[in-house]
Amino acid sequence: MSRIKIEAFVIRTTRLAESSRVVTLFSRQAGKVKAVAKGVGKPKSKMSGTVELFNLIECLLYKKENADLGTMGDAAVLDDYHHIPADTRKFGFGSAWCEILQKTSHPDQPRPETFELTALFFKTLDLSEPGNAGLLFWSALFKMLAIEGYAPRLEKCLSCGKKKKDAKLMISLGRGGLICAGCIEEDEDAIPVSQSAFDILGAMGAGGFEDIAEMEVSPRIGREAAEVILSFASYHLGLPRNLKSFKFLESLGG
Ligand SMILES: [Zn+2]
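Procedures and definitions
- Residues numbered from 1 in each chain as written.
- Predicted model: local features only at pLDDT ≥ 70, side-chain atom pairs only at ≥ 80, totals over all residues.
- Heavy atoms only, no water.
- Domains from an automatic or database assignment.
- Contact = heavy atoms within 4.5 Å.
- Buried area = accessible area lost by both parts, 1.4 Å probe.
- Buried < 20%, exposed > 50% of the residue type's maximum accessible area, 1.4 Å probe, protein only.
- Helix = DSSP H or I, 4+ residues; strand = E, 2+ residues; numbered from the N terminus.
- Pairing = 2+ DSSP bridges.
- Donors = N, O, S within 2.8 Å, 3.2 Å for Na, K, Ca; no water.
- Tetrahedral: all angles 85-135°; square planar, octahedral: opposite > 155°, others 65-115°.

A. How the structure looks around the domain arrangement of the protein chain. Looking at the assigned domains, one finds that the protein chain contains domain 1 (2-79) and domain 2 (88-252). One C-alpha centre belongs to domain 1, the other to domain 2; they are set 30 Å apart. Listed by partner, the interface residues are 18 residues for domain 1 and 19 residues for domain 2. Taken together, both faces of the contact between domain 1 and domain 2 bury some 1600 Å²; the carbon and sulfur share is 71%.

B. Representation of the pairing of strand E2 (residues 21-27). Here E2 lies mainly inside the structure; seven of its seven residues are buried. In E2, alternate side chains face the same way, and those of Arg21, Val23, Leu25 and Ser27 on one face and Val22, Thr24 and Phe26 on the other are all buried. In terms of strand pairing, strand E1 (residues 2-15) meets E2 through seven bridges, oriented antiparallel. Counterpart to Arg12 in the pairing with E2 is Thr24. Between E1 and E2, which pair antiparallel one after the other, the connecting turn spans five residues.

C. How the structure looks around the pairing of strand E4 (residues 56-63). Judged by how many residues are buried, E4 sits mostly within the fold: six of eight residues are covered. Across eight bridges, E1 lies against E4 in antiparallel orientation. Among the inter-strand pairings, Ile6 is bridged to a residue of E4, identified as Cys59. Summarising the sheet, E4 and strand E5 (residues 69-79) pair through six bridges and their orientation is antiparallel. Its bridge partner lying in E5, Leu60 is registered against Gly73. Two successive antiparallel strands, E4 and E5, enclose a turn made up of five residues, where Asn66 displays a positive phi of approximately 65 degrees.

D. Geometry of the coordination of the zinc ion. Bound to the zinc ion on the protein side are Cys157 (SG), Cys160 (SG), Cys180 (SG) and Cys183 (SG), at distances that span 2.3 to 2.4 Å. Classification of the site at the zinc ion rests on its four donor atoms, whose angles at the metal span 102 to 117 degrees, yielding the label tetrahedral. Counting along the primary sequence, the residues that act as donors to the zinc ion give the motif C-x2-C-x19-C-x2-C. For Cys157, a relative accessible area of 2% corresponds to the buried category. Under the relative-accessibility criterion, Cys160 is labelled partly exposed at 37%.

Right under this line is the structure:
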């Protein structure tokens with residue numbers, strides 16, 4: 001039995017028994033971790049209130065070697081980002097991020113840069129206007145793609161090296177970025193984008209979250225940029241396109 005102290009985001013909780021929960025954590029030290037929080041639902045539990053979605057916590061993790069499920073102890077909240085669950089749009093996009101972490105992470109494989117990215121994303125989402133929640137979310141996913149080495153490459157045509165011209169912009173999934181009209185292959189898996197969406201994608205890749213939170217983007221252009229990012233995440237990271245949180249967000253209307 002090992003015992004380590006971890007710092008982690010709560011990315012999923014499911015009820016196990018009357019007062020216990022199975023908690024999925026995205027930890028700095030050990031990547032994705034599943035652990036039982038015994039008795040956490042009891043009002044007098046010392047861990048009461050710690051295993052809420054989005055919380056950044058510190059806790060002890062007890063785990064047998066090769067066991068899928070550990071046990072949590074001595075949990076304390078480091079940050080609760082409490083404006084996220086208080087707003088439906090922020091909640092929807094925050095939940096989508098948690099789903100993405102679950103689906104793209106593995107036990108015992110730490111992702112330190114993605115951990116830091118999550119901290120920055122939650123911090124900005126917590127404090128920003130709800131109207132920009134989507135823009136922040138898609139920027140975060142763009143930045144995750146960059147960490148994994150799969151961000152769309154937009155500077156010039158990946159085939160001939162020419163700088164972009166504004167007639168027709170195509171972003172190839174397989175080749176990983178901009179392909180000019182002269183170089184695009186027939187049947188190539190590519191997404192057409194407008195100049196405006198192209199510029200937004202560039203800004204999402206280059207800018208910090210504070211700048212992105214201030215950007216004004218029309219819903220149509222935002223959807224175009226989102227489609228490119230989701231297609232890349234699906235193609236290169238194997239992310240399912242039908243996340244539960246996306247259905248929830250659709251039900252809110254845009
Ligand atoms: Zn070209």
